[in-house]
Amino acid sequence: MSKQYIFKKKLLSWSTKNTREYSWRNTQDPWKILLLEVISQQTQLDRANKYYQKFIKKFPSPSEMAKASKKEILKMWSGLGYNSRAIRLHEASKILSKSSFDSIYPDFDVLPGVGEYTKNALLSFAYNDKVITQDTNVLRIFSRFFGIEDPQKFINENQKNLLKNIRSRKFNEVLMDFGSEICKSKNPSCSLCMFDNECKKFIQVKQTRQQAFKGSNREIRGKIIKHLIDNNNVEMSSLKMVIKTEDNKLKNILKKLESEGMITIKNKKLIEIST
Ligand code: SF4
């Protein structure tokens, strides 16, 4: 099985029990999708949802928003920040009220405030085009899992293959949920992740930890205790052969174990677990 196949298969299987429900996830109306995408930029989805509900109720199509005044839009936008987004959305509604999404498909980036991400969201969610929406969460997941420096290039080259036999919308929603619930930007929940054996980042971190542990005092202490549990009255010379570390290091660790009451050293020669 290819790595891309495993990535897709496991993500989809994870999503069966972990999909977040939002009203816009059932719509293919490009206006609703545009509204949501603009509102949710730099805003948590639950908070964005409240504003989205308010806006969609008041402006169910671009024409209603186009008729509204700038002041009215800004008043409704209040609390979301980045007012320029509201102004650009208003300008976009004026263009769309005279044309339509279909007439500008696929070049949605001609609309004010629509960049590459929002354009791809419209292509995927409204038109089911085979595109992966690339926000920072999605790029992070690809970069970590595949261990790549340029996730954008990787996605552009592989999205057709990744989206084979699957609605792009579904895959994009799964990526969003996974990035928000598991592969978070800070402190990813790797222990809960189904990719622990395949994720490049996880494997690297594990190897680094193992290397740091190798030869560490902790590892040597563990080895000494194990050897003393399995054997009685161990001679210093035989312990040295088993542990294989510098004499000074071994001496210091034994001293520490003795001071902690873990072991007893008789006549500086025979070592055993303290009674
Ligand atoms: S193992 Fe960790 S870093 Fe890798 S995909 Fe899962 S959560 Fe992200």
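Because the structure is a prediction, the values reported are computed rather than measured.

Examining the overall build of the protein
Then step 1. The helix and strand inventory of the protein stands at 15 helices and three strands.
Then step 2. Its C-alpha atoms give the protein a radius of gyration of 29 Å, more than 25% over the compact-globule value 19 Å for 275 residues.
Then step 3. By its C-alpha atoms, the protein is 95 × 45 × 30 Å across when sized along the principal axes.
Then step 4. Buried positions account for 43% of the 275 residues belonging to the protein.
Then step 5. Sequence-distant contacts, at least 24 apart, represent 62% of the contacts inside the protein between residues at least 6 apart.
Then step 6. The centroid of the 51 positive side-chain charges in the protein is displaced by 3 Å from the centroid of its 29 negative side-chain charges.

Side note on helix H12 (residues 200-213)
Then step 1. In a regular helix each residue adds 1.5 Å, so 14 residues correspond to 20 Å; H12 covers 20 Å between its end C-alpha atoms and thus fits that length.
Then step 2. Of the residues one or two after H12, Gly-215 is the one with positive phi, at around 80°.

A closer look at the pairing of strand E3 (residues 270-273)
It is a general feature of regular strands that their side chains alternate between the two faces of the sheet.
Then step 1. Alignment of strand E1 (residues 234-235) against E3, held across two bridges, turns out to be antiparallel. Paired with Glu-235 across the bridge in E3 is Leu-270.
Then step 2. What sits between the antiparallel neighbours strand E2 (residues 263-266) and E3 is a turn of three residues, in which Asn-267 has the positive phi angle 50°.

Some thoughts on the site of the ligand
Then step 1. Taken together, Arg-144, Ile-182, Cys-183, Pro-188, Cys-190, Cys-193, Phe-195, Cys-199 and Phe-202 are the residues near the ligand.
Then step 2. When its residues are assigned to classes, the shell around the ligand shows eight nonpolar, no polar and one charged.

Quick notes on the domain arrangement of the protein
Then step 1. The domain architecture assigned to the protein consists of domain 1 (3-192) and domain 2 (217-273).
Then step 2. The C-alpha centroid of domain 2 is placed 60 Å from the C-alpha centroid of domain 1.

Brief notes about the side chain of Asp-177
Then step 1. Mapped onto the secondary structure, Asp-177 falls in helix H11 (residues 168-181).
Then step 2. On the accessibility criterion, Asp-177 (1% relative accessible area) is buried.
Then step 3. Side-chain polar atoms of Asp-177 contact the side chain of Arg-20, separated by 2.7 Å.
Then step 4. Within the local environment of Asp-177, its side chain forms a polar contact with the side chain of Arg-25, the two groups lying 3.0 Å apart.
Then step 5. Residue contacts for Asp-177: discarding those within four places in its chain leaves Trp-14, Asn-18, Thr-19, Arg-20, Arg-25 and Ile-182.

A look at the environment of Lys-266
Then step 1. By the secondary structure assignment, Lys-266 is in strand E2.
Then step 2. For Lys-266, a relative accessible area of 34% puts it in the partly exposed group.
Then step 3. For the pair Lys-266 and Asn-233, spaced 33 residues apart in the sequence, the C-alpha separation amounts to 8.8 Å.
Then step 4. Apart from the residues lying within four places of it in its own chain, the contact partners of Lys-266 are Asn-233 and Glu-272.
Then step 5. A polar contact is formed between the side chain of Lys-266 and the side chain of Asn-233, at a distance of 3.4 Å.

What to know about the packing of helix H13 (residues 217-230) against helix H15 (residues 247-259)
For any two helices packed against each other, the geometry is given by the interaxial angle and the distance between the axes.
Then step 1. It is the contact of H13 with H15, at a shortest axis distance of 11 Å, that shows an interaxial angle of 70°. As judged from the angle between their axes, H13 and H15 are roughly perpendicular. When you trace H13 past H15, the crossing you get is right-handed. Residues Asn-217, Ile-220, Arg-221, Ile-224 and Ile-225 of H13 lie in contact with H15, whose contacting residues are Lys-249, Leu-250, Ile-253, Leu-254, Lys-256 and Leu-257.
Then step 2. Partitioning the contact of H13 with H15 into residue classes produces seven nonpolar, one polar and three charged.

Here we look at helix H14 (residues 236-243)
Then step 1. When H14 is considered as a whole, its buried residues turn out to be Met-236, Leu-239 and Ile-243. Looking straight down H14, one finds that the buried residues subtend no more than 55° of arc, so they occupy a single side.
Then step 2. Next to the buried residues of H14 lie H13, E1, H15 and E3.
Then step 3. Phi turns positive one or two residues past the end of H14, at Lys-244, with a value near 50°.

Looking at the pattern of salt bridges
Then step 1. On inspection of all chains with the given rule, the structure shows 12 salt bridges.
Then step 2. One salt bridge in this structure joins Arg-20 and Asp-177, with 2.7 Å as the shortest N-O distance. In this pair, Arg-20 is assigned in the loop between helix H1 (3-18) and helix H2 (30-40) and Asp-177 in helix H11, connecting sequence segments 157 residues apart.
Then step 3. By sharing partners, the salt bridges in this structure join Arg-20, Arg-25 and Asp-177 into a single network.

Examining the packing of aromatic side chains
Then step 1. In this structure the tally under the stated criterion is 20 aromatic pairs.
Then step 2. On the basis of an interplanar angle of 5° and a centroid distance of 4.5 Å, the ring pair of Tyr-22 and Trp-24 is categorised as stacked. With respect to class, Tyr-22 is no different from Trp-24; both count as buried.
Then step 3. Here Lys-3 stacks its cationic end above the ring of Phe-145, 4.8 Å away from the centre of that ring.

What counts and what doesn't
Residues numbered from 1 in each chain as written. Predicted model: local features only at pLDDT ≥ 70, side-chain atom pairs only at ≥ 80, totals over all residues. Heavy atoms only, no water. Helix = DSSP H or I, 4+ residues; strand = E, 2+ residues; numbered from the N terminus. Rg over C-alpha atoms; globule rule 2.2 N^0.38 Å. Buried < 20%, exposed > 50% of the residue type's maximum accessible area, 1.4 Å probe, protein only. Contact = heavy atoms within 4.5 Å. Lys, Arg positive; Asp, Glu negative; His and termini not counted. Charge placed at Lys NZ, Arg CZ, Asp CG, Glu CD. Expected span 1.5 Å × (residues − 1). Pairing = 2+ DSSP bridges. Near = heavy atom within 4 Å. Nonpolar A, V, L, I, M, F, W, Y, C, P; charged D, E, K, R; others polar. Domains from an automatic or database assignment. Polar contact = N/O pair within 3.5 Å; in protein donor to acceptor, adjacent residues only side chain to side chain. Axes fitted to C-alpha atoms, helices over the stretch in contact; angles between N-to-C directions. Parallel < 35°, antiparallel > 145°, perpendicular 65-115°, else oblique. Left-handed = near helix turned anticlockwise from the far one by under 90°. Arc of directions from axis to C-beta. Salt bridge = Lys/Arg side-chain N within 4 Å of Asp/Glu carboxyl O. Phe/Tyr/Trp six-rings, centres within 6.5 Å; stacked < 30°, edge-to-face > 60°. Lys NZ or Arg CZ within 6 Å of the ring centre and 35° of its normal.

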